[in-house]
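An overview of the molecular structure
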Amino acid sequence: MNPISSRRRFLLGALSGAGALVLSGCDKLASTAWFQKTLGAGESLTHFAQRWAIPRKAMAQEFSDADLSPQFRSNGTAVPRNAQYQALAMGGFAAYRLEVNGLVERPASLSLADLRALPSRTQITRHDCVEGWSAIGKWKGAKLAALLDIVQPKAAARYVVFHCADPMENDGTSPYYESIDFEDAYHPQTILAYELNDKSLPVPNGAPVRLRVERQLGYKHAKYLMRIELVESFANIAGGKGGYWEDQGYQWYAGI
Ligand SMILES: Nc1nc2c(c(=O)[nH]1)N[C@H]1C(S)=C(S)[C@@H](COP(=O)(O)O)O[C@H]1N2
Ligand SMILES: [Mo]
């Protein structure tokens, strides 16, 4: 048995929730270097327990064409207030490039054609927004795992950060951003979506490419992707909490 699966078995035995970890006298474990490193920045004990006690590899529910919402609404930014982005949109995104850099062996710059050439997945899923609405849409996109195989994450990389085109402040600052860990990055339903309901992704829904990370709430699904950065820690990015809404107090792990 490899060290991961023996750890996992131990934890599955020890944990039925974060409370059990403390109550069962595992506070010694909580102070070990391994535990501290695993817990890491921005990760709560609840997330730790979820991550180890609930199979994160499980699939989000998928639906059929008959379940599609008549219209998939837009939320948050509907058109990025960014001259460079608007010029790209006017040109049909022909000049668009998705930059992939940070802790990778082979940084990359991908056109939409490059993204469309990667192994893809199509999925009909339900999007849940914390503001109290849901919609079912059909998404097609490149598997993030396939892109990671190309850029080759360095050993120190722990998070994938998504930098977006839309500034959240009127003065053009605070671009939207998000981050996920490798468990979600390699999940089969985690895709860089370039189609919604069999059409090119509309601008209000994040054209030309947005993240779908189906086990988590709406705000994790970053739209208007410009750059993907692999990092060891997101402590030095913007407010340091791993996402625009996280910096305003939302949970980093937004499990559904
Ligand atoms: N770049 C960017 N991504 C974003 C947002 C945003 O404002 N900007 N809003 C988030 C929120 S809160 C939700 S619910 C979804 C909305 O996706 P939709 O516009 O396709 O409905 O996008 C998420 N991703
Ligand atoms: Mo949302």
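Relevant structure appears above.
Every chain begins its residue count from 1, and numbering advances along the sequence as written. To label them, take the chains in the order written and letter them from A, then take the ligands in the order written and number them from 1. In keeping with the predicted nature of the model, local features appear solely for residues at pLDDT of at least 70, side-chain atom pairs appear and are counted solely at 80 or more, and the whole-chain, interface and lining totals rest on all residues. With hydrogens and water stripped out, all remaining heavy atoms of the structure feed into the side-chain values.

Some details on the environment of Arg 210
Spelled out, the test is: To qualify as a helix, a DSSP run of H or I must reach at least 4 residues; to qualify as a strand, a run of E must reach at least 2; elements of each kind are numbered from the N terminus. Exposure classes here rest on a 1.4 Å probe applied to the protein chains alone. A residue is buried below 20% of its type maximum, exposed above 50%, and partly exposed in between. Definition of a polar contact: a pair of N or O atoms within 3.5 Å, with one able to donate and the other able to accept a hydrogen when the atoms are protein atoms, and with sequence-neighbouring residues admitted only if both atoms are side-chain atoms.
The topology assignment puts Arg 210 in strand β9 (residues 210-212). What makes Arg 210 buried here is its relative accessible area of 4%. Considered as a pair, Arg 210 and Cys 164 are 46 residues apart in the sequence and their alpha carbons are 8.9 Å apart. Among the polar contacts listed, one links the side chain of Arg 210 to the backbone oxygen of Asn 205, at a separation of 3.1 Å. A polar side-chain atom of Arg 210 sits 3.1 Å from the main-chain carbonyl oxygen of His 221.

Points about the site of ligand 1
Here is the rule we go by: The nearness test applies per residue and asks whether one of its heavy atoms lies within 4 Å of the molecule or strand. Under the scheme applied here, ten amino acids are nonpolar (Ala, Val, Leu, Ile, Met, Phe, Trp, Tyr, Cys and Pro), four are charged (Asp, Glu, Lys and Arg), and all others, including Gly, are polar.
The local shell around ligand 1 holds 21 residues, among which Arg 73, Asn 75, Asp 166, Asn 205 and Lys 223 are the closest. Taking Asn 75, its main chain carries an N or O atom lying 2.8 Å from an oxygen atom of ligand 1. The set of elements that each furnish at least two residues to the shell around ligand 1 consists of β3 (120-129) and β5 (159-167). A breakdown of the residues in the shell around ligand 1 according to their chemical character gives 9 nonpolar, 8 polar and 4 charged.

Some details on the pairing of strand β1 (residues 98-102)
Which entries qualify depends on this criterion: DSSP bridges decide pairing: two strands pair if at least two such bridges lie between them.
Here β1 runs beside strand β2 (residues 108-110); their pairing, made up of 3 bridges, is antiparallel. Note that in β2 the partner of Glu 99 across the bridge is Ser 109. Between β1 and β2, which pair antiparallel and follow one another directly, the connecting turn spans 5 residues. The sheet contact formed by β1 and strand β10 (residues 225-231) spans 4 bridges and is parallel. Within β10, the residue paired with Gly 102 across the bridge is Leu 230.

Overview of the packing of aromatic side chains
Quick reminder of the rule: Pairing of aromatic rings covers Phe, Tyr and the six-membered ring of Trp, with a centre-to-centre limit of 6.5 Å; geometry is then stacked below 30 degrees between planes, edge-to-face above 60, and tilted otherwise.
Tallied over the entire structure, the rule returns 13 aromatic pairs. Arranged with centres 5.4 Å apart and planes meeting at 80°, the rings of Tyr 85 and Tyr 224 form a pair that is edge-to-face. Of this pair, Tyr 85 sits in helix α6 (residues 83-90) while Tyr 224 sits in the loop between β9 and β10, and the two are 139 residues apart along the sequence. By relative accessible area, Tyr 224 is classed as buried at 0%. Here the aromatic rings of Phe 93 and Tyr 96 are separated by 6.5 Å at their centres, their planes lie at 90°, and the arrangement is edge-to-face. In this structure Phe 93 comes out as buried when scored by relative accessible area, which is 10%.

Focus: the sheet that holds β10
Sheet strands line up and pair through hydrogen bonds in the backbone, either parallel or antiparallel. Note the threshold: Fitting a line to C-alpha atoms yields each axis, with helices limited to the stretch in contact; the angle taken between N-to-C directions then spans 0 to 180 degrees. By the convention used here, residues are in contact when the closest approach between their heavy atoms is within 4.5 Å.
Reading across the sheet, the 5 strands line up as β2-β1-β10-β5-β6 and stay open at both edges, with mixed pairing between neighbours. Every interior strand has two partners, whereas the edge strands, β2 and β6 (175-181), have only one. Neighbouring strand axes in the sheet, compared pairwise and without regard to direction, differ in orientation by 20° on average. Along the sheet, helix α8 (residues 144-151) makes contact with β1, β2, β5, β6 and β10, crossing β10 at roughly 60°.

Describing the nonpolar core
Nonpolar side chains in soluble globular proteins tend to be buried together. Which entries qualify depends on this criterion: Residue types Ala, Val, Leu, Ile, Met, Phe, Trp, Tyr and Cys, when buried and joined through side-chain atoms within 4.5 Å, form a set referred to as a nonpolar core.
Residues Tyr 96, Leu 115, Leu 144, Phe 162, Leu 192, Leu 225 and Ile 228 are the most contacted members of the largest nonpolar core, which totals 50 residues. Ranked by the residues each element gives to this core, the list is headed by β5, at 6 residues. Beyond its immediate chain neighbours, meaning those up to four positions away, Leu 225 contacts Tyr 96, Leu 98, Phe 162, His 163, Cys 164, Leu 192, Val 209, Arg 210 and Leu 211.

A few points about the pairing of strand β7 (residues 191-196)
When you tally the buried positions in β7, you get 6 out of 6 residues, the bulk of the element. Bridge count between strand β4 (residues 133-143) and β7: 5 bridges; the pairing is antiparallel. Bridged to Lys 140 within β7 is Glu 195. Taken together, the 3 bridges between β7 and β9 define a ladder with antiparallel strand orientation. Within β9, the residue paired with Ala 193 across the bridge is Arg 210. Hairpin connection between β7 and strand β8 (residues 199-200): a loop of 2 residues separates the two successive antiparallel strands, and Asn 197 in this loop has a positive phi of roughly 50°.

Let's talk about the pattern of salt bridges
Applied cut-off: Here, a salt bridge means any side-chain nitrogen of Lys or Arg that lies within 4 Å of a carboxyl oxygen of Asp or Glu.
Applying the stated criterion across every chain yields a total of 10 salt bridges. For the salt bridge of Asp 198 with Lys 138, the shortest nitrogen-to-oxygen distance reads 3.3 Å. Linking Asp 198 in the loop between β7 and β8 with Lys 138 in strand β4, this pair joins segments that are 60 residues apart in sequence. Overall, the relative accessible area of 55% leaves Asp 198 in the exposed class. Among the salt bridges present, the one from Glu 229 reaches Arg 227, with a minimum N-O distance of 3.8 Å. Linked by salt bridges that have partners in common, Asp 65, Lys 138 and Asp 198 make up one network.

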